[in-house]
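Letter by letter, the chains look like this.
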Amino acid sequence: MKLDETDHGTPALEGATMVELSIDGQHVRVPAGTSLMRAASLAGIPVPKLCATDSLQAFGACRLCLVEVDGRKGYPASCTTPAEAGMCVRTQTQKLQQLRRNVMELTISDHPLDCLSCSANGDCELQTQAGVVGLRAQRYGWEGKNHLADAVDDSNPYFRYDPSKCIVCSRCVRACEETQGTFALTISGRGFDARVSAGQNESFLASDCVSCGACVQACPTATLQEKSVIELGLPTRSVLTTCAYCGVGCGFKAELKGSTVVRMTPWKDGQANEGHACVKGRFAWGYATHKDRLTQPMIRASIQEPWRAVSWDEAIAHTAAEFRRIQARYGKDAVGGITSSRCTNEETYLVQKLVRAAFGTNNVDTCARVCHSPTGYGLGQAFGTSAGTQDFKSVAQADVIVVIGANPPDAHPVFASRLKRRVRQGAKLVVIDPRRTELVSSPHVRAAHHLALRPGTNVAVINALAHVVVTEGLVNEAYVAERCDTPSFAAWRAFVSQPENSPEAFEQETGVPAAEIRAAARLYAQGPNSAIYYGLGVTEHAQGSTMVMGIANLAMACGMVGREGVGVNPLRGQNNVQGACDMGSFPHELPGYRHVSDSTVRASFEAAWGVELSPEPGLRIPNMFDAARSGSFKAIYIQGEDLVQSDPDTQQVAAALSAMELVVVQDLFFNETAQYAHVLLPGASFLEKDGTFTNAERRISRVRKAMPPLAGLADWEVTLKLAHALGLPMHYAHPGEIMDEIARLTPSFAGVSYEKLDRLGSLQWPCHAGTPEGGTNCMHVGGFVRGKGRFFNTQYLPTEERTSRRFPLLLTTGRILSQYNVGAQTRRTANSQWHAEDLLDLHPHDAEQRGIADGDWVGVSSRAGQTVLRARLTERMNPGVVWTTFHFPESGANVITTDSSDWATNCPEYKVTAVQVEKVLQLSDWQRAHLERLKRQRELMA
C-alpha cells in the first residue's frame, strides 16, 4: 500500500457544500469551511506551519502560515481562515516571506541551535520550516533571558520532555485534550514564562498522563521524543502492521533500522484508531526481543525431568509420534488443541484444521470460551450472527451511550478516547458496573446515571430496564412490527411486564435504586440514537448468555439496531479473539459459525481438505480438563494461551495438565502452563509474521513481518510442519494462500484477499459479492441476519456463588491500563513502573471492619482456595465488593475463582466469587508451593 504521509494542517470536512476559489492562480474546489491551509495543501501548495497538524483542530498560534486574500486587510492565518467561494488567495509573496522569516527568527531566538547533535535532526518540523522560510541568520542572540537551561524531565520510561526545545505551539496540550481526552497537559505561566506543564508542574510520571504518546507524536521538535529514538537514532524504514494487544486493532507503522524496531507510530489512516494509540501499543513492544524469549524447541519425558534443547525437525517428529502413540492407545478423542486469540486468523485456522483433519476429532477450543462465548451464543440466537453490530466510528453518532460491565479507558483505551469525546460533545452516558470507574466520574466526563449493581445481578437489572420500556409505552412498535418475530416479542412483553420484573421488585437484590433504573431506561429508549457497549462484566457470569440475550431484547424493543449511532457492541478483550471465533475454534462449529453436524457444510471442507470429518461436537476446555482428571483425555496442543494463569480454579487446571501424557505448549515465553509441558515450541511475535487480525468491529487488518522470527519459524509454519508429520499435507507458501482457502470455504469472508486488504487498508466481514467492496460497517440494516429478530424470556436466577458468614464479600476481577491479560508481554516492559503487582481494591468501610490499612498484606479466601495480595483502599468500590486484576502469576487471582460457569457456554463466572478478606503476615500455602515449583522448573530449564 502506498502511504500518503502528507499533513494537510487541519482536519477534513465532510458533507459540506463545495466551493471554488483560486490559490496562487490555481483553481481549487473544496468543501465550504475547509481551511485555506488544507485547501492549498490538497492542491499541492504547502503553506509553512508549526502549530497546525491535520489530527487537531486549528489553533492559529505560530503565525507562520499567514496568507494574503484579495479584498481583506492584513495577513490572516491560513489554518483558521475558512475557504469561501470566489476567494483569491496568495501564499507566496515577498511580504509574506518577510513576515514568516521574522516569526521564525523570533521562535529560534529561544531555541538551542544544536541541530547536528539533536536526536530529532532530520525529523524536526522546526528545522524543516526554518529552511522553507529561508532563515539564514538570527539577530537577537542568547545573552538575555531564555529557557536554554531548563531541566529535562526523564521520569517517563518511554519519552523525554526537554523544555529548552519547546516552542509553545500547544500541539501536545491539544493532542492530550482532543485526541486522548485525558487533559493531563496545560500551558502554565504567561508570556515569556509560558511552558508546557504536566499536571500542576509535576513530572510526567507523577501526573495524570497515561503515556498514550499523542503528545510525542504531535510535537514538531525534540521537546517530546521517544527515548528509543534518542538511543538508536531515526528509523530508516517502516512496515504497516496491526497491534497485538486488545480488540481495538490499532494500525501501526513499525519503524525500524534493519530488523531493529526503533518506534511504533500509530498509522494515520488506520481505520480502527485513526492515528491514536495507548501506552501498550505505542510503547510496550520490547517484549518481542526480550531475553526471556524461547528461541529453541525443547522436549522432556515428564514434568519432573530436565528439558533438552532439540532441532525443529526432532521436536516436530517427537510431537507427532507422541500424538499418534496416545491416539493408538486411548482413541482418537483422547487428544485436542487450543487455538490462540493472540495469533493470526491464518494460524488459528490451521490449528483447528490440524485438530479436525489430522487428529480426526473436534476437540478444539479457544480462550473465547472463558471470555466472550456467551456473546457468540446470545447474539447468534437473537440476531443470527455472533459479532458486534457497528464500527467504532459509529459512537460519534450516538446520543445515549450505555456501558455495561466494561471499563474502556483501561481495557480498550483508544475506543475510550472516541467515547469520551462524544460525551464531551453532549451525549449522555449510562454506566452499569459495580465499581465507580473512570467513566462514572473523571475530569470532563461524568455519567448521567451509574447503576452500581451488586455482582451477579446483571439479568435482574436488564429485565428491570425492559420492564420500564414496556410498561411506560417506550417500545418502538413500528420497528418491532417490521423487524422482529411477533410471537417471541409477545411472549417477552408479557414476561417483562410482570410486577416481579419491576425496578422496585429488584431494588433490594441489585442494590440499584428503582428511580435510577427508571430514569436510565427512559433515557435509553428515547435516544434518539442509543448504543450499548459491553465487556466481560456481562459475559463472565453464570447467566452470561442470558444477559447477552437480555441486551439484545432491549435494543430491539427500542429500535436501536441497524443504523449508525446505535447497536449492541461487545468489546473483545484480546487482539484476535473475534478472529479466533470466526476461524472455527469452537468444538461445535466450523469456520464461519456453521455447525459440524451440517452435512453440506462439512462436505465442502472434506472436499477441500481431503479427509472425512467427524459430525459430533468435541470437548470444550472445561470438558477437556474434566476428562483429563478422570483419565480419558491424554494430550493437548496449546498455541499461545497460558491456561494455568488465565483459566478459573487454577489448582484444578494444574491437576488436569499434570494428568496428561503429552502437553505441547507453543508460546513466546516459559509461562505458567509450560511448567506442565512435555514439548516447548517457540512462538513468534506479531512483528515476526504475516497474516491478519480481526478486531471487535469485525475489521480484518494485515499483520506484516517486520523482522525475522527469533526461533526461525512463524507459528503458521510450525503448525504446517506438525500437520505434515501427522500425515496431513498442507501446501501453503504464504499466509495469503491460507486466507484464499478461508475465503473459498467461508461465505462471510468470500470477498477477503490480501490484494484487497493491501489496497483498502482493512475490510469488515461480512465481505462478499453482496456487500460493498470494503465489507459491512453496520450490521442488520433493513433486517436481521436470521430474518426476524427473536426475543427471549430472560428469567433472572440468582447465582449459586452467594455470600455467607464464612465468605461475606464478593470478589470481581478486571484489567488495568498499563498491564495486559496474563501480563506475559507487558510485565517484560517498563509498563510495570505503573503497576508492579496485582492489588486488592476494597472499600474503607470493609477495611476498617477488618483492621486493614492501605498497603497491608491480606489473605483472600474462597471455597476454591486462598491467595495473598496487598490491599488498596478506595471509595471506587461499594462496601461488600472487592476487586483485583490477574496480570501477575504470583498473585494467584484465579486460585480463588471457582468453576461456576455460564449455563449455555461454560464461560467461567470470574466476576462473582464469595470471599473473605483478612490481614495476614505471610504468603498463602498455594503461593509458597508455586514459588517452590517455579524455582524447580527454572532449574530444569537451566
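Along every chain, residues carry numbers that run from 1 in the direction the sequence is written. Local features in this predicted model are restricted to residues whose pLDDT is 70 or higher, and side-chain atom pairs enter the listing and the counts only when it is 80 or higher, whereas totals over whole chains, interfaces and linings include all residues. The side-chain figures draw on all heavy atoms in the structure; neither hydrogens nor water molecules are used.

## A word on the overall build of the chain
Okay, step 1: The helix count covers DSSP runs of H or I at least four residues long, the strand count covers runs of E at least two residues long, and both are numbered beginning at the N terminus. When helices and strands are tallied, the chain shows 29 helices and 36 strands.
Okay, step 2: Radius of gyration (C-alpha) of the chain: 29 Å, near the 30 Å computed for a compact globule of 942 residues.
Okay, step 3: Seen through its C-alpha atoms, the chain measures out along the principal axes to roughly 90 × 70 × 65 Å.
Okay, step 4: The proportion of buried residues among the 942 residues of the chain is 64%.
Okay, step 5: When contacts within the chain are restricted to residue pairs at least 6 apart in sequence, long-range pairs at least 24 apart make up 72% of them.
Okay, step 6: We count Lys and Arg on the positive side and Asp and Glu on the negative side, and we leave His and both chain ends out. Where a charge lies is defined by one atom per residue type: Lys uses NZ, Arg uses CZ, Asp uses CG and Glu uses CD. One way to put it: in the chain the 93 positive side-chain charges average out to a point 2 Å from where the 98 negative ones average out. Between the two quantities, the radius of gyration covers C-alpha atoms and the globule rule is 2.2 Å times the number of residues to the power 0.38. Remark: exposure states derive from per-residue accessible area (1.4 Å probe, protein chains only) relative to the maximum for the residue type, with buried under 20%, exposed over 50%, and partly exposed in between. Whether two residues are in contact is decided by their heavy atoms, any of which lying within 4.5 Å being enough.

## Looking at the sheet that holds strand S9 (residues 237-242)
Okay, step 1: One open sheet holds the three strands; their spatial order is S9-S10-S11, and the pairing between them is antiparallel. Two strands close off the open sheet at either side, each with one partner strand: S9 and strand S11 (260-266). Averaged over all adjacent pairs, the angle separating strand axes in this sheet is 30 degrees, with direction ignored. For two strands to be treated as a pair, DSSP must find at least two bridges joining them. Note on method: axes are straight lines fitted to C-alpha atoms, helices fitted across the in-contact stretch only, with angles between N-to-C directions ranging 0 to 180 degrees.

## Topic: helix H26 (residues 735-745)
Okay, step 1: Among the eleven residues that make up H26, eight are buried, leaving the element largely enclosed by the rest of the structure.
Okay, step 2: Residues Pro735, Gly736, Ile738, Met739, Glu741, Ile742, Ala743 and Leu745 constitute the buried set of H26.
Okay, step 3: The inward-facing, buried residues of H26 abut helix H9 (345-359), strand S24 (594-595), helix H21 (599-609), strand S28 (691-694), helix H25 (715-725) and helix H27 (754-760).

## Considerations on the packing of aromatic side chains
Okay, step 1: Aromatic pairing here means that ring centres of Phe, Tyr or Trp (its six-membered ring) are within 6.5 Å. Orientation follows from the plane angle: under 30 degrees is stacked, over 60 is edge-to-face, and everything else is tilted. Within the structure shown, the criterion is met by 20 aromatic pairs.
Okay, step 2: Judged by centre distance (5.3 Å) and plane angle (40 degrees), the ring pair of phenylalanine 392 and phenylalanine 415 falls under tilted. Here phenylalanine 415 lies in helix H12 (residues 413-424) and phenylalanine 392 lies in the loop between helix H10 (373-383) and strand S16 (400-404), a separation of 23 residues in the sequence. Each member of the pair, phenylalanine 392 as well as phenylalanine 415, carries the same accessibility label: buried.
Okay, step 3: Ring pairing ties together the aromatic residues Tyr158, Phe159, Tyr161, Phe204, Phe283 and Trp834, which thus form one cluster.
Okay, step 4: Put simply, a charge is over a ring when the Lys NZ or the Arg CZ is close to the ring centre, within 6 Å, and near the line of the ring normal, within 35 degrees. Across from the ring centre of phenylalanine 784, 4.8 Å away, lies the NZ or CZ of arginine 483, which sits over that ring.
Okay, step 5: Cation over ring: arginine 828 sits above phenylalanine 669, and NZ or CZ is 3.9 Å from the ring centre.

## Considerations on the packing of helix H22 (residues 621-630) against helix H24 (residues 650-658)
In a pair of packed helices, the angle between the axes and the distance between the axes together describe the arrangement.
Okay, step 1: Relative to each other, H22 and H24 sit at 60 degrees, their axes nearing to 8 Å. Considered as vectors, H22 and H24 are oriented oblique to each other. Viewed along their axes, H22 and H24 form a crossing whose handedness is left-handed. Side by side, H22 and H24 meet where Phe625, Ala628 and Arg629 of the first sit next to Gln652, Val653, Ala655, Ala656 and Leu657 of the second.
Okay, step 2: Partitioning the contact of H22 with H24 into residue classes produces six nonpolar, one polar and one charged. An angle below 35 degrees is treated as roughly parallel, one above 145 as roughly antiparallel, one from 65 to 115 as roughly perpendicular, and anything else as oblique. A crossing counts as left-handed when the near helix is turned anticlockwise from the far one by less than a right angle, and as right-handed when that turn is clockwise. Think of it as three bins: nonpolar holds Ala, Val, Leu, Ile, Met, Phe, Trp, Tyr, Cys and Pro, charged holds Asp, Glu, Lys and Arg, and polar takes everything else, Gly as well.

## Topic: unusual backbone geometry
Okay, step 1: A cis amide bond, omega 5 degrees, links glycine 527 with the succeeding residue proline 528.
Okay, step 2: Checked against the element boundaries, proline 528 lands in the loop between helix H17 (514-526) and strand S21 (530-534).
Okay, step 3: With an omega of 0 degrees, the peptide bond running from tryptophan 765 to proline 766 counts as cis.
Okay, step 4: Tracing the chain through its elements places proline 766 in the loop between strand S30 (762-764) and strand S31 (809-813).
Okay, step 5: A positive phi angle is found at asparagine 906, which is not glycine, with a value near 65 degrees.
Okay, step 6: You can see asparagine 906 is positioned in the loop between strand S35 (881-884) and strand S36 (913-919).

## Details of the sheet that holds strand S13 (residues 308-309)
Okay, step 1: Strand order in this open sheet of seven strands is S13-S12-S27-S26-S25-S14-S15, and the pairing throughout is mixed. Whereas interior strands pair on both sides, the edge strands pair on one side only; in this sheet they are S13 and strand S15 (364-366).
Okay, step 2: Alignment of strand S26 (residues 662-667) against strand S27 (residues 679-682), held across four bridges, turns out to be parallel. Its bridge partner being in S27, glutamine 666 is matched across the sheet by leucine 681.

## Observations regarding the packing of helix H13 (residues 458-471) against H17
Okay, step 1: Remark: H13 packs on H17, axes separated minimally by 9 Å, with the N-to-C direction vectors making an angle of 65 degrees. Seen from above, H13 lies across H17 with right-handed handedness. Counting all contacts with H13, which are made through Ala464, Leu465, His467, Val468 and Val469, the residues of H17 involved are Ile517, Arg518, Ala520, Ala521, Arg522 and Ala525.
Okay, step 2: Its residues assigned to classes, the contact of H13 with H17 shows eight nonpolar, one polar and two charged.

## Details of the pairing of S36
Okay, step 1: Pairing analysis gives three bridges linking S31 to S36, with the strands arranged antiparallel. Note that in S36 the partner of leucine 811 across the bridge is threonine 913.
Okay, step 2: Bridge analysis of strand S33 (residues 857-861) against S36 gives four bridges, and the strand direction is antiparallel. Across the sheet, the residue bridging to valine 858 is lysine 919, located in S36.

## Examining the pairing of S27
Okay, step 1: Side chains Val679 and Leu681 project from S27 onto one buried face, and the interleaved Leu680 and Pro682 project onto a second face that is buried too.
Okay, step 2: Pairing of strand S12 (residues 298-299) with S27 involves two bridges; the strand directions are antiparallel. Paired with isoleucine 299 across the bridge in S27 is valine 679.

## Quick word on helix H8 (residues 312-330)
Okay, step 1: Helix span, as expected, comes to 1.5 Å for every residue beyond the first. Helix length check: H8 (19 residues) gives 27 Å between terminal C-alpha atoms against 27 Å at 1.5 Å per residue, within 8%.
Okay, step 2: Of all the positions in H8, only Trp312, Ala315, Ile316, Thr319, Ala320, Glu322, Phe323, Ile326 and Gln327 are classed as buried. Projected down its long axis, H8 shows its buried positions confined to an angular sector of 160 degrees, all on one face. Of the exposed residues in H8, those oriented more than 90 degrees away from the buried face are Asp313, Ala328 and Arg329.
Okay, step 3: At the exit of H8 stands glycine 331, carrying a positive phi of roughly 105 degrees. This arc is taken over the directions from the axis of the helix to the C-beta atoms.

## Topic: the environment of proline 889
Okay, step 1: Among the secondary structure elements, proline 889 is positioned in the loop between S35 and S36.
Okay, step 2: Residue proline 889 is classed as buried on the basis of its relative accessible area of 11%.
Okay, step 3: Setting aside residues no more than four positions away along its own chain, proline 889 makes contact with Gln645, Glu672, Arg827, Trp926 and His930.

Function-wise, these values are silent; they only describe arrangement.
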